[in-house]
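Tertiary structure, described
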Amino acid sequence: MFQSFFPNPIKLFFGSVALWGAIAIGTWYAGGSQWGRAIGLVYPEPGSPPLIGPEVFVSGLFVWFYIYYAAAVAIFASAWMILRPHPWQAWSILGSAFILFVTYFQVQVSVALNDWYGPFYDLLQTAMAKSRPVTAWEFYAYLISVSGILAIYIAVYVSVRFFVSHYIFRWRTAMNDFYMSHWPRLRHIEGASQRVQDDTMRFATITEGLGVSFVDAVMTLIAFLPVLVKLSAPITEVPLLGSVPHPLVTIALLWSIFGTGFLAIVGIKLPGLHFRNQRVEAAYRKELVYGEDHADRAQPPTVKELFDLVRKNYFRLYFHYAYFNVARSAYLQTDNIFPYFVLVPAIVAGKITLGPFQQILNAFGQVRDSFQFLVNSWTTIVELLSIFKRLRGFEAVIYGAEPPKQDQEEPEAEVTAEGVSV
């Protein structure tokens, strides 16, 4: 699944990614972010208000980050391409680095929008309260400014979606070529054709999506935690916890941990059911394919019994998803009103105005969503686990290792030329 697309050995490669990433990030926050001044880039003065509008993305600090990131990627990629060349290294190394960069950029767009919220909503409050005369042009200027930010986001989003589509298909191609090179040993495995034809594409798609979501969650935390800490300075206590250090950050973390653990327990049976669902579907589909070429196959009694197994597993899946969806929906709906519940004491005490209130809501939501990565991705993770187990069965045969537990279980029915024996 991984060695077909990424440089080998896999553990060393991903370990080096983590190590080099930690070094690059540590160097940046230890003072490397200021090195751009040495080449004449203009940085904002300490304590100055943040830039509002698309010009923030061409400011000195941003330009230096582009250079810094490109240099870090070039060093890392060159080392692996020279020491451990791989046929898919351009896509797997440089392509992944590009996706990471765009993920970071999209997070910075969210930060720029959050900076825009404050003065805009304060202006809105001023106009509604008639604290001073407000002209229409003041509003138009802010709307033009945010339009520039959104235009950049749209352009980046469309471009990266196009790139990611090609990236995923290249990964699928690498897995397809790898498995087909071992086809004589794999063709006898249950659902072999489906695992090569369908599971490889789904695995690449879901893994890329989850990987980007995880990186986005981490980068969002890095970007918005300081923002939330700064914005929540007037808030000294929150319901349930009372007065604690950085109350909004603390309660967002605790609430997210609760939701993650709660849904993990409720949905613990789903991965195994998804795996078994693929097995019974594969058996049913295989018999129908045989029936296309052989008149004695896919007879009504045989098809009926195979379809009964499909129906039985689906009904079990529906039952377990029913209570899982109840739990997940209840948590997420409660989550929608949770920030307002937390901010009630500050609102009634008049500690924040409308602008900072909107900024806090957005920053709090970004931090909370990042902590809730597993909550928001749980159903996708369940599907990925079932696909992972199926492809692991392939690789166990290739390398002579022990297959996953589900592949060692006796099937619920065995199809023969005479019918189905249970």
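Rules behind the numbers
Residues numbered from 1 in each chain as written. Predicted model: local features only at pLDDT ≥ 70, side-chain atom pairs only at ≥ 80, totals over all residues. Heavy atoms only, no water. Helix = DSSP H or I, 4+ residues; strand = E, 2+ residues; numbered from the N terminus. Buried < 20%, exposed > 50% of the residue type's maximum accessible area, 1.4 Å probe, protein only. Areas by Shrake-Rupley, 256 points an atom, 1.4 Å probe, with all protein chains shown as cover. Lys, Arg positive; Asp, Glu negative; His and termini not counted. Charge placed at Lys NZ, Arg CZ, Asp CG, Glu CD. Contact = heavy atoms within 4.5 Å. Salt bridge = Lys/Arg side-chain N within 4 Å of Asp/Glu carboxyl O. UniProt positions renumbered as here; feature names shortened; annotations may be inferred. Axes fitted to C-alpha atoms, helices over the stretch in contact; angles between N-to-C directions. Parallel < 35°, antiparallel > 145°, perpendicular 65-115°, else oblique. Left-handed = near helix turned anticlockwise from the far one by under 90°. Nonpolar A, V, L, I, M, F, W, Y, C, P; charged D, E, K, R; others polar.

1. Some remarks on the overall build of the protein chain
Helices and strands together make up the secondary structure of the protein chain, namely 12 helices and 2 strands. Across its three principal axes, the protein chain shows a C-alpha extent of roughly 90 × 55 × 40 Å. Put simply, the protein chain has 422 residues, and 42% of those count as buried. Carbon together with sulfur atoms contributes 67% to the accessible area of the protein chain, which is approximately 22,200 Å² in total. Charged side chains in the protein chain number 30 positive and 30 negative. The centres of these two groups are separated by 3 Å.

2. Notes on the environment of Leu 270
Looking at the secondary structure, you find Leu 270 in helix α8 (residues 270-293). Distance from Leu 270 to Val 382, taken between C-alpha atoms, is 6.4 Å for residues 112 residues apart in sequence. Apart from residues lying up to four places away in sequence, Leu 270 is in contact with Leu 317, His 320, Tyr 321, Phe 324 and Val 382.

3. Here we look at the pattern of salt bridges
Summed over the entire model, instances satisfying the criterion amount to 3 salt bridges. Taking the shortest distance from any N to any O, the salt bridge between Arg 132 and Glu 138 comes out at 3.1 Å. Residue classification places Glu 138 among the partly exposed positions, given a relative accessible area of 24%. Of the charged contacts in the structure, one is a salt bridge between Asp 308 and Arg 311, with a shortest N-O distance of 2.8 Å. Linking Asp 308 with Arg 311, this pair stays in helix α9 (residues 300-348), spanning 3 residues, or about one helical turn. You can call Asp 308 partly exposed: its relative accessible area is 24%. Because the salt bridges share partners, they merge into one network encompassing Lys 304, Asp 308 and Arg 311.

4. With respect to the UniProt feature "transmembrane region" (unreviewed entry) in the protein chain
What UniProt calls "transmembrane region" (unreviewed entry) maps, in this numbering, to residues 12-31, 61-83, 90-107, 139-164, 210-229 and 249-270. Measuring from the first to the last C-alpha atom of residues 12-31 gives 28 Å, for a span that is 90% helix and 0% strand.

5. Notes on the side chain of Ser 145
Tracing the chain through its elements places Ser 145 in helix α4 (residues 136-180). With residues up to four places along the chain from it excluded, the contact list for Ser 145 reads Ile 52, Gly 53, Pro 54 and Trp 116.

6. A word on the packing of helix α3 (residues 89-129) against helix α10 (residues 354-371)
As a packed pair, α3 and α10 sit with axes 6 Å apart at the nearest point and diverge in direction by 155°. Viewed along their axes, α3 and α10 adopt a mutual orientation that is roughly antiparallel. In this structure, the crossing between α3 and α10 has a hand that is right-handed. For the pair α3 and α10, the contacting residues are Ser 110, Asn 114, Asp 115, Tyr 117, Gly 118, Tyr 121, Asp 122, Leu 124 and Gln 125 in the first and Leu 354, Gly 355, Pro 356, Gln 358, Gln 359, Asn 362, Ala 363 and Gln 366 in the second. Its residues placed into classes, the contact of α3 with α10 shows 6 nonpolar, 9 polar and 2 charged.

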